[in-house]
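Structural characterization, general
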Protein chains: 2
Amino acid sequence: MEENVIASVSKPTILKLGGSVITIKGRPFTPNKKAIIRLAEEIARSNVNSLIIVHGGGSFGHPIAKQYEINRGYKDPSQIIGFSKTHQAMTTLNRLIINALIDQDIPAIEIQPSSCIITKSGRIQIMEQRPFTKLLRMGFVPVLYGDAVPDSETGFAILSGDQLISTLAMRLNADRIIVGADVDGICTADPKTDSSAKLICHISLSELKKLLPKIGKAKAPDVTGGMVGKIVELIPAIERKIPTIIVNATKPNNVYKALKNENVVGTIINKGGNVAKSN
Amino acid sequence: MEENVIASVSKPTILKLGGSVITIKGRPFTPNKKAIIRLAEEIARSNVNSLIIVHGGGSFGHPIAKQYEINRGYKDPSQIIGFSKTHQAMTTLNRLIINALIDQDIPAIEIQPSSCIITKSGRIQIMEQRPFTKLLRMGFVPVLYGDAVPDSETGFAILSGDQLISTLAMRLNADRIIVGADVDGICTADPKTDSSAKLICHISLSELKKLLPKIGKAKAPDVTGGMVGKIVELIPAIERKIPTIIVNATKPNNVYKALKNENVVGTIINKGGNVAKSN
């Protein structure tokens, strides 16, 4: 049955709204209401046929998840209430986004990862996608988010919005991924510290992979301006020929232009070195 | 895998919080905050080991669902935004309940029916229960609710909290069902119109079934005071020997006493005519 449902869905666009775009950094539980309303208006105006939105946690999910060390898995009963609080913070943020979308007459519907996903050591193991695939096919806009989810090995885990995007893109055979970030895209160096840094407009997967060793194994700063480290998770989807574009969603109309397939400042990543015309 | 997970869960108690208890009737989108806080405190004080809560929609879900005729299934594109609004109203109410529970240090976690359930002509067809069963086993309190859900035959449907309770009770082999209503239980007649009406303290399933024809097929008033019509949905669970008690959750301490297995005014329904001692 699952196969049939998916086959009849037109290829969806997957849009990520970064946590740093929709919340105010460094101010816990503070939404960027202006940005949320603007983005809802851009999404409505673009009138994309089949759309899934995934948003990050920003100043909502991260502080509590960090306080209770949810990403380490279940170690101690005192974390249990922290998991509840982390999830509740995320649904609170999600509610604001859905309200803004509904206000624009977009039939948005929250899809709660912790209700339909189990990870195994942090990687998606079980994902019940039939309910939201059915809704997507009917014209709804499912809105998912990075979430605290049950984990079959570690008790619970943090499922990042980026892992979710990549998995959704592959499972639903997405048309493309649009990453709405708080930077213009991937740069040749970190523009915050290096004035010679330039935006890379097009990059192939093999070129992207060459940048990876520069970032270092774990905690070293991302010399490309932070984006490569963040989009590593998307590589499996790009390998399956799902083109990905990073745009700066803090700047008006970028998300709109990306959704409309119009020219926009940003970084396009695709499997080959060539840019598909539709991007 | 599903079997293993369920087998290791201690038998959960399923508590229904009626929509008319947690919201104010006739005033759309108005929660009964006092009742919500009191009930959260009673649930915390009872300290039940394994608990699932299901709540109704009351003045949140019903007005929008009715306005857009969601219960008729998908007939017209104009209903799509109504489905989104109905679900959003339910998550708004759910958020208030979860917040009250978390304030009492109860690790409550929203489980969103429309993320994990598909109905077929209004009856549960697919239910992904592994994520919340896993959370239940870890000590979380899953909180579900009547919701607008995708439907494989009719496009979408309204899934009642009562159908959800019955299905959960059977699938998770529940210890018991506690229905927190706005009346004392099942009466011999409607206490609102008949002063001779008496509360039935114990009733067997066969006696309950004898009351059904009195209620009439559909829209005739429920002569027993409304409860029999509402709990018809629970009959399959009661048939599987899951005892069910109806208590008046608008009166303080009734839910607490029921959770603690203490004597409480209400109606106990079980398969045989005899009352189990634990109830």
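Details of the structure are given in the entry above.
Residues numbered from 1 in each chain as written. Chains lettered and ligands numbered in written order. Predicted model: local features only at pLDDT ≥ 70, side-chain atom pairs only at ≥ 80, totals over all residues. Heavy atoms only, no water.

**A short note on the pattern of salt bridges**
Pairs may arise between side chains of opposite charge once their charged atoms sit close together. Residues and elements named next belong to chain A. In the structure shown here, the tally under the stated rule is 20 salt bridges over all chains. One salt bridge in this structure joins aspartate 162 and lysine 16, with 3.0 Å as the shortest N-O distance. Of the two residues, aspartate 162 sits in helix 8 (residues 161-171) while lysine 16 sits in strand 1 (residues 13-17), which places them 146 residues apart along the sequence. One exposure class covers both aspartate 162 and lysine 16, and it is buried. (Salt bridge = Lys/Arg side-chain N within 4 Å of Asp/Glu carboxyl O. Helix = DSSP H or I, 4+ residues; strand = E, 2+ residues; numbered from the N terminus. Buried < 20%, exposed > 50% of the residue type's maximum accessible area, 1.4 Å probe, protein only.)

**Let's talk about the packing of helix 3 (residues 33-46) of chain B against helix 5 (residues 79-103) of chain B**
All names here are of chain B. With their axes 9 Å apart at the nearest point, helix 3 and helix 5 run at an angle of 45 degrees to one another. Between helix 3 and helix 5, the interaxial angle falls into the category oblique. Both helix 3 and helix 5 take part in a crossing whose hand is right-handed. Residue-level inspection shows Ile36, Ala40 and Ile43 of helix 3 in contact with helix 5, the latter providing Leu96, Ile97, Ala100 and Leu101. (Axes fitted to C-alpha atoms, helices over the stretch in contact; angles between N-to-C directions. Parallel < 35°, antiparallel > 145°, perpendicular 65-115°, else oblique. Left-handed = near helix turned anticlockwise from the far one by under 90°. Contact = heavy atoms within 4.5 Å.)

**A closer look at unusual backbone geometry**
For Asn253(A), which is not glycine, the phi torsion reads 80 degrees and is therefore positive. Here Asn253(A) shows up in the loop between strand 11 (244-248) and helix 12 (254-259). Here Asn253(A) falls in the partly exposed class, since its relative accessible area comes to 28%. Although it is not a glycine, Asp105(B) sits at a positive phi angle of roughly 65 degrees. By secondary structure assignment, the location of Asp105(B) is in the loop between helix 5 and strand 3 (108-110). A relative accessible area of 58% places Asp105(B) in the exposed class.

**A short note on the pairing of strand 11 of chain A**
Residue and element names in this part refer to chain A. The buried count for strand 11 comes to five of five residues, which makes it a mostly enclosed element. On strand 11, burial covers both faces: Thr244, Ile246 and Asn248 on one face and Ile245 and Val247 on the other are all buried. Summarising the sheet, strand 9 (residues 176-181) and strand 11 pair through five bridges and their orientation is parallel. Note that in strand 11 the partner of alanine 181 across the bridge is asparagine 248. Of the strand pairs in this sheet, strand 11 and strand 12 (residues 266-270) are connected by four bridges, and their pairing is antiparallel. (Pairing = 2+ DSSP bridges.)

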